[in-house]
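One letter stands for each residue in the lines below.
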Amino acid sequence: MATALLAAGSAASLAAGPPTATVNTTGLAVTDDTVTVGQLHSATGTMAISETGSIQAEQLAIEQINEAGGILGRKIKIIVEDGASDWPTFAEKAKKLLVNDKVAAVFGCWTSASRKAVLPVFEKENGMLYYPTFYEGLEQSKNVIYTGQEATQQIIAGLDWMAKQKKAKTFYLIGSDYIWPRTSNKIARKHIENVLKGEVVGEEYYALGHTQFGSLINKIKLKKPDVIYAIVVGGSNVSFYKQLKAAGITGDKATLLTISVTEDEALGIGGENLVGFYSAMKYFQSLDNPNNKKFVEAFKKKYGDKAVIGDVTQAAYLGPWLWKLTVEKAGSFDIDKVAAASAGVEFKEAPEGYVRIHDSNHHLWSKLRIGQWSTDGQAKVLYESELIEPNPFPKGYQ
Amino acid sequence: MLAYSASELWSIFIMQGFAGLSLFSVLLLMALGLAIIFGQMGVVNLAHGEFMALGAYVVYLCSTLVQNHAPALQPYYFLVAIAIAFVAAALLGLLVEWSLIRYLYRRPLDTLLATWGLSLVLQQAFRSTFGAREVTPTLPDWLMGSFKPTESIDIPINGVFVMALTLVLTGAVWLFLYRSRAGLHMRATVQNRAMSGAIGINTGLVDRLAFSLGCGIAGVAGAAFTTIGSTGPDSGSRYIVDTFLVVVFGGTASLLGTIASAFGIAQGQSVCEFFLQGTMGKVAVLLGIVVILMIRPQGLFASKVRS
């Protein structure tokens, strides 16, 4: 596949880093002036819609790191592989990157299914994966850094806010029928029932790609929940929100909180169908801080003015930077040293503000934000939590 | 438990009835084209869904063009776009029949593979042309929103539109099949190809027209579905299962069967979804269909054909 040297200027102009023999004792693809990493996303197939943003953000981060002098005096070269939305292909390409190409790190995967497919490969061949998507938790590995939020970080603070701000007592849980919505709703239900002392008045799942929500909408009208809690994904999203609007369930009359709509999805759904609804995410493109202004500007400069940046895209951008900081802290590209040095690594220039890798579980401390959608497909941030500790195996929520 | 007033329950009943009818018209619209191609001609066209996607993309193209060049026409373009979707899909159907299908009429398994291949080619063509991201055309305002006969009843206008379109199209297909000379030729060819040829019907031409008409109707269906959902390169593969389900369940070679089958599946699904849950509703309906097809393998209505 394509190998790209995303470097400005020639290798000779680099400041010399420490000798290769000391920073690379296990035979990774590190030379005196380059280090090779892999990128493993779906550029084709049904997931390409979602993964394109991550691919772009990771390449932007690597380009910026190279412009700033690279890592330990070495420029980053990328080997791009296409998982093609097919999980066995992901596993095969992961093996190729680790065994044949000996890459020092891999930035990639998006769905949990693809991550689960490559996990045994990364553990057996001892590789390092930076995984960007918010996901259902219940996983932890020496060989993975999770730069998105695990479920409790995304769910609990959002529900608390709804209970406090909207005095919400009754919730209607809706999801697409696969592991992430089901696990997330399980956590949401426990929190609603045990902590908020509220009531779940409905919980149901629709097949991926389902487009007819008439019956569901009538049930919502009948049950009149204080909050509609939706984790609908993919093509169903557009139908779901369009039909809610057509049935008169709009932001001014009903409260809807989702953890599956970012700016990327909003582009497809259309801002006019989302106005007034809420998303719980750690990042919104509209975040008002200097780091984010710089990030959004650089992203648009590289990918066009119409480009939008969703939560996962920002999390993907963190991957290469966290890796750089960790390698510099470890003083080595060796996987074992990088894995060990990850604990406590701080990235203060993160567009989302500040993140830190947890001392023991390889997830990130991060904040949760509640954004309210407006017609232009951007969200206005109404609430920002404190830094939330990642807790991939939450007790009492399983 | 919440208490409901009689008028509230009545409103929900009305809206639920409408949800069932709306699903019925969607299923029927999907299946109409295939009822001709598979039902009448016996061609297993696995690329049928892609013809729907083509129709949807045509609407998207028209919407983009109108927005960029003639924003004043925005409220009206949709009807014209549907007509263009019909023509585009029918022309592609003509081309496909001429270049592929006509060599495979007596080889159903090969047709299956060939049309599946065609569906992959078309999906990739959509992906290369329009990108992997799902698209939605900007619809005229009169299509959006809802009609409120009382305070608590909301009838979505796009649902009414799809329903009306289905009604018109079904009527037109019925008139064509049972009241026109071309339709007569088509039915004659289906019943006895050799005899039809012997009395001077150009059966090759009939095949081509029928296939192209079926594809054109699929294009219209796809165009109409832009009011309900988004369109992506693989939208077609989402439609295809339901489409075949309706036609097979209704019994091939029977327009009435297709209508009855779409109605039965839609009402069953909508009621099951209301009283059970989303996925379980679908499971219940599929189980029902399997049981009925075990008892009546020929489908609900099968027209008697001399073999």
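The written sequence of each chain sets the order in which its residues are numbered from 1. Each chain gets a letter, beginning with A, and each ligand a number, beginning with 1, in the order they are written. A pLDDT threshold of at least 70 governs which residues receive local features in this predicted model, and a stricter bar of 80 or more applies before side-chain atom pairs are shown or counted, although totals over entire chains, interfaces and linings include all residues.

Caption draft 1: Representation of the interface of chain B and chain A in the model. Each partner contributes residues to the interface: chain B has 33 residues there, and chain A has 29 residues. When contributions to the side of chain B that touches chain A are tallied by element, the ones reaching two or more residues are helix 1 (6-40), helix 5 (157-179), helix 9 (235-250), helix 10 (255-275) and helix 11 (278-295) of chain B. Comment: elements are numbered from the N terminus, with helices defined as DSSP H or I runs of at least four residues and strands as E runs of at least two. Of the residues forming the side of chain B that touches chain A, the biggest block, seven residues, is contributed by helix 1 of chain B. Put simply, Ala, Val, Leu, Ile, Met, Phe, Trp, Tyr, Cys and Pro go in the nonpolar bin, Asp, Glu, Lys and Arg in the charged bin, and everything else, Gly too, in the polar bin. For the side of chain B that touches chain A, a count of residues per class yields twelve nonpolar, 14 polar and seven charged. Once C-beta atoms have been placed from the backbone, residue pairs whose C-beta atoms lie within 7 Å are recorded as contacts.

Caption draft 2: Structural detail: helix 2 (residues 48-67) of chain A. All names here are of chain A. The span one expects for a helix is its residue count, reduced by one, times 1.5 Å. Over its 20 residues, helix 2 runs 28 Å from end to end, which matches the ideal 28 Å to within 8%, given 1.5 Å per residue. Most of helix 2 is tucked away, with 15 of its 20 residues classed as buried. Following helix 2 by one or two positions, G69 has its phi on the positive side, about 110°. Partly exposed residues are those whose C-beta has more than 12 but fewer than 20 other C-beta atoms within 10 Å; 20 or more makes a residue buried and 12 or fewer makes it exposed, with C-beta atoms placed from the backbone.

Caption draft 3: Representation of unusual backbone geometry. Residue and element names in this part refer to chain A. With phi around 60°, S85 is a residue other than glycine that occupies positive phi space. Its location among the elements puts S85 in the loop between strand 3 (75-82) and helix 3 (87-100). Residue class for S85 comes out buried when judged on the 24 C-beta atoms lying within 10 Å of it.

Caption draft 4: Highlighting the environment of B:Q74. Residue and element names in this part refer to chain B. With respect to the element layout, Q74 can be found in the loop between helix 2 (48-69) and helix 3 (77-99). The class of Q74 is partly exposed, set by 15 C-beta atoms lying within 10 Å. Contacts of Q74, omitting those with residues within four sequence positions, involve V66, Q67 and P140.

Caption draft 5: Focus on the pairing of strand 7 (residues 170-176) of chain A. Residues and elements named next belong to chain A. The element strand 7 is extensively covered by neighbouring structure, given that six of its seven residues are classed as buried. By convention a crossover is right-handed if, when the strands point away from the viewer, the path from the first strand over the helix to the second runs clockwise. Between strand 7 and its parallel partner strand 8 (residues 199-206), the chain crosses via helix 6 (residues 179-195), and the hand of that crossover is right-handed. When DSSP finds two or more bridges between a pair of strands, those strands are recorded as paired. In this sheet, strand 9 (residues 227-231) lies alongside strand 7 in parallel orientation, the contact comprising five bridges. The partner of G175 across the bridge, within strand 9, is I231.

Caption draft 6: Representation of the nonpolar core in the model. We define a nonpolar core as a collection of buried residues of the types Ala, Val, Leu, Ile, Met, Phe, Trp, Tyr and Cys that are connected via C-beta atoms lying within 7 Å of each other. Formed by 83 residues in total, the largest nonpolar core has its most connected members in B:L27, B:A31, B:A85 and B:A89. With near-sequence residues (within four places) excluded, B:A31 lies in contact with B:T243, B:V246, B:V247, B:T258 and B:A262. With 65 residues, the next largest nonpolar core counts A:V103, A:I309, A:W321 and A:I357 among its residues.

Caption draft 7: Focus on the domain arrangement of chain A. All names here are of chain A. Domain start and stop points were drawn from an automatic or database domain assignment. Domain boundaries in chain A define domain 1 (3-148 + 288-365) and domain 2 (151-282 + 369-384). Between the C-alpha centres of domain 1 and domain 2 the distance comes to 31 Å. Taken together, the contact between domain 1 and domain 2 spans 14 residues of the former and 14 residues of the latter. Secondary-structure elements contributing two or more residues to the side of domain 1 that touches domain 2 are helix 2 and helix 11 (311-330). Classifying every residue of the side of domain 1 that touches domain 2 by side-chain character gives six nonpolar, five polar and three charged.

Caption draft 8: View of the pairing of strand 15 (residues 369-373) of chain A. Residue and element names in this part refer to chain A. Counting buried positions over the five residues of strand 15 gives four, a clear majority of the element. Bridge count between strand 11 (residues 278-281) and strand 15: four bridges; the pairing is antiparallel. Its bridge partner being in strand 15, S279 is matched across the sheet by G371. Relative to strand 16 (residues 379-384), strand 15 is paired through five bridges, and the arrangement is antiparallel. In the strand pairing of strand 16, G371 is matched with V381. Linkage of strand 15 to strand 16, two consecutive antiparallel strands, is achieved through a turn of five residues, within which G377 is found at a positive phi near 80°.

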